[in-house]
Amino acid sequence: MKTGTEGDNTAKKNIIDDVLHILEEMTCDWDLELDGALGQDTRLIADLEFASIDIVQFLVAIEEHYQRREFPFEELVMKDGRYVDEILVDDVITFLDNHLNRSS
């Protein structure tokens, strides 16, 4: 039987795998020169060269993957009423972990 921590770790690992898979699918045909593998420290704008439309497509892909339309993505893309300058893959993972596994 899994303890709460093991279940949380499994759920978070699944989110990490999902997010990385979505990003790999999105960028597989792009001519990117990443330093190392795609991972939690990857920056969407600086490393993957995401434009605003790419971020929108990424967020839509997340909604489609999880079959949920109510994610408050403004928490991820805005801070203090302004759009953020950068989003880390880990920011997306933490956001999804909070909204998929912590909300009841």
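These notes cover the structure that comes with them. All chains use their own residue numbering, which begins from 1 and follows the written sequence. For a predicted model such as this one, the threshold for reporting local features is a pLDDT of at least 70, and the threshold for listing and counting side-chain atom pairs is 80 or more; totals across whole chains, interfaces and linings nevertheless cover every residue. Excluded from the side-chain calculations are hydrogens and water; all other atoms, namely the structure's heavy atoms, are used.

## Points about the nonpolar core
- Residues belong to a common nonpolar core when they are buried Ala, Val, Leu, Ile, Met, Phe, Trp, Tyr or Cys residues joined through side-chain atoms within 4.5 Å. The cut-offs for exposure are 20% and 50% of the maximum accessible area for each residue type, with area from a 1.4 Å probe on protein chains only; residues under the lower value are buried, those over the upper are exposed, and the others partly exposed. Val19, Leu23, Leu44, Phe58, Ile62, Val92 and Leu96 are the most contacted members of the largest nonpolar core, which totals 26 residues.
- Think of it this way: any DSSP run of H or I at least four residues long counts as a helix, any run of E at least two long counts as a strand, and we number them from the N terminus. At the level of elements, helix H1 (4–27), helix H2 (52–66), helix H3 (74–77) and helix H4 (89–101) are the ones that each hand at least two residues to this core.
- In terms of residue count, H1 provides more of this core than any other element does, 7 residues in total.
- The contact partners of Leu44, leaving out residues within four places of it in the chain, are Leu23, Glu49, Phe50, Phe58, Glu86, Ile87, Val89 and Val92. Note on definitions: a residue-residue contact is assigned when non-hydrogen atoms from the two residues lie within 4.5 Å.

## Some points on the packing of aromatic side chains
- When the centres of two rings from Phe, Tyr and Trp lie within 6.5 Å, Trp using its six-membered ring, the rings pair. Their planes under 30 degrees apart give stacked, over 60 give edge-to-face, and anything left gives tilted. Considering all chains together, one arrives at 6 aromatic pairs under this definition.
- Ring geometry for Phe71 against Phe95: centres 6.2 Å apart, planes inclined by 55°, an arrangement best described as tilted. In this pair, Phe71 is assigned in the loop between H2 and H3 and Phe95 in helix H4, connecting sequence segments 24 residues apart.
- Among the aromatic residues, those joined into a ring-pair cluster are Tyr66, Phe71, Phe73 and Phe95.

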